[in-house]
Amino acid sequence: MTSENFDGEWITGVIQRFGYGAARGSSSRGGARALVQLKRDLEAGRTVGFALDGPRGPARVAQPGAIWLAGATGHPVLPFHVEASRAWTMKSWDRTQVPQPFSRVALVVGEPIVVPDSSESAVAAGTRALERRLGEIESRAADILGSRANQRSA
């Protein structure tokens, strides 16, 4: 899932170049339509994924879409984090990072989160659990690589 803004257009082009599709939408525009498309994709046996903090942030605060989708389809959410030993950090609200050439990268995958249904209480509890788990695996990835002192702002 990528947003319908300029950044989303750029991301869509990149992922399509690698042979993947894109459902366009976000928590602020077109999200319901994109979630319906992702639900159809899951039912067709495809894997889906998206960034969880929405197009406007705040960073590291999960929007409920992934958890709702998990509850509506019975598919678990598999949280993961990628951290680079050296990266350029953008001066954007989410501090997007682009790994520098030849940097080491840590990929940490968390335990799957199973959501029993798409009720409001299950989605709220699942969203809190997801944020907690993402924070844990982000810290673990940073620990694997050591200090973040080698990162530069772009």
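For every chain, the first residue of the written sequence is number 1, and numbering continues from 1 onward in sequence order. In keeping with the predicted nature of the model, local features appear solely for residues at pLDDT of at least 70, side-chain atom pairs appear and are counted solely at 80 or more, and the whole-chain, interface and lining totals rest on all residues. Side-chain metrics in this entry use all non-hydrogen atoms of the structure; hydrogen atoms and water are not considered.

**As for the overall build of the protein chain**
When helices and strands are counted, the protein chain shows four helices and five strands. Helix and strand definitions here come from DSSP, where helices need a minimum of 4 consecutive H or I residues and strands a minimum of 2 consecutive E residues; each element is numbered from the N-terminal end. If you list the helices and strands of the protein chain from N to C, you get α-α-α-β-β-β-β-α-β. Only C-alpha atoms enter the radius of gyration; for comparison, a globular chain is expected to reach 2.2 Å times N to the power 0.38, where N is the number of residues. Its C-alpha atoms give the protein chain a radius of gyration of 16 Å, near enough to 15 Å, the size a compact globule of 154 residues would have. Overall size of the protein chain, expressed as C-alpha extent along the three principal axes, is 45 × 30 × 25 Å. Partly exposed residues are those whose accessible area sits between 20% and 50% of the maximum for their type, while under 20% is buried and over 50% is exposed, using a 1.4 Å probe and protein chains only. A buried classification covers 32% of the 154 residues belonging to the protein chain. The contacts of the protein chain with a sequence gap of at least 6 include a subset with a gap of at least 24, amounting to 59%. Averaging the locations of the 19 positively and 15 negatively charged side chains of the protein chain gives two centres separated by 6 Å. In what follows, a contact means two residues having at least one pair of non-hydrogen atoms within 4.5 Å. Charge assignment: positive for Lys and Arg, negative for Asp and Glu; neither His nor the chain ends contribute. Think of each charge as sitting on NZ of Lys, CZ of Arg, CG of Asp or CD of Glu.

**Notes on the packing of helix α2 (residues 31-43) against helix α3 (residues 65-73)**
It is the contact of α2 with α3, at a shortest axis distance of 11 Å, that shows an interaxial angle of 45°. Considered as vectors, α2 and α3 are oriented oblique to each other. Crossing handedness for the pair α2 and α3: right-handed. On α3, the residues touching L35, L38, K39 and L42 of α2 are G65, W68, L69, A72 and T73. For the contact of α2 with α3, a count of residues per class yields six nonpolar, two polar and one charged. Where helices are involved, their axes are fitted lines through C-alpha atoms of the stretch in contact, as for all axes, and angles between N-to-C directions lie from 0 to 180°. The labels follow the angle: roughly parallel below 35 degrees, roughly antiparallel above 145, roughly perpendicular from 65 to 115, and oblique for the rest. Should the near helix be turned counterclockwise from the far one by less than a right angle, the crossing is left-handed, whereas a clockwise turn marks it as right-handed. Three classes are used: nonpolar for Ala, Val, Leu, Ile, Met, Phe, Trp, Tyr, Cys and Pro, charged for Asp, Glu, Lys and Arg, and polar for all others, with Gly counted as polar.

**Describing the nonpolar core**
By nonpolar core we mean a set of buried residues, namely Ala, Val, Leu, Ile, Met, Phe, Trp, Tyr and Cys, connected to one another through side-chain atoms within 4.5 Å. Core analysis: the largest hydrophobic core is formed by eleven residues, namely L52, A62, A66, I67, A70, V77, I113, V115, A122, V123 and L130. Residue assignment for this core shows that the elements contributing at least two residues are α3 and α4 (120-145). Residues within four places of V115 in sequence aside, it is in contact with I67, A70, G71 and A122.

**Quick word on the confidence of the model for the protein chain**
For every residue, the predictor reports its confidence as pLDDT, a number between 0 and 100. Looking at the protein chain, pLDDT values average 86 and 90% of them are 70 or higher. When pLDDT is averaged over each element of the protein chain, strand β4 (residues 105-109) comes out on top at 96 and strand β5 (residues 152-153) at the bottom at 46.

**Considerations on the environment of R60**
Its place among the elements puts R60 in the loop between α2 and α3. Residues R60 and E120, 60 residues apart in the sequence, show an inter-C-alpha distance of 21 Å. Distance and chemistry together define a polar contact, namely a pair of N or O atoms within 3.5 Å, with one atom able to donate a hydrogen and the other to accept it when in protein, and with adjacent residues in sequence counting only for side-chain atoms on both sides. Looking at R60, its side chain comes within polar contact range of the side chain of E138, at 2.8 Å.

**A closer look at the pattern of salt bridges**
Any Lys or Arg side-chain nitrogen located within 4 Å of an Asp or Glu carboxyl oxygen qualifies as a salt bridge. A complete count under the given rule lists four salt bridges for this structure. Ionic pairing is found between E43 and K39, a salt bridge with its closest N-O pair at 3.5 Å. Here K39 and E43 lie together in helix α2, a separation of four residues that amounts to about one turn. Measuring nitrogen to oxygen at the nearest pair gives 2.8 Å for the salt bridge that ties E138 to R60. Residue E138 is found in helix α4, and its partner R60 is found in the loop between α2 and α3; the two are separated by 78 residues along the sequence. By relative accessible area, which is 52% here, R60 ends up exposed.

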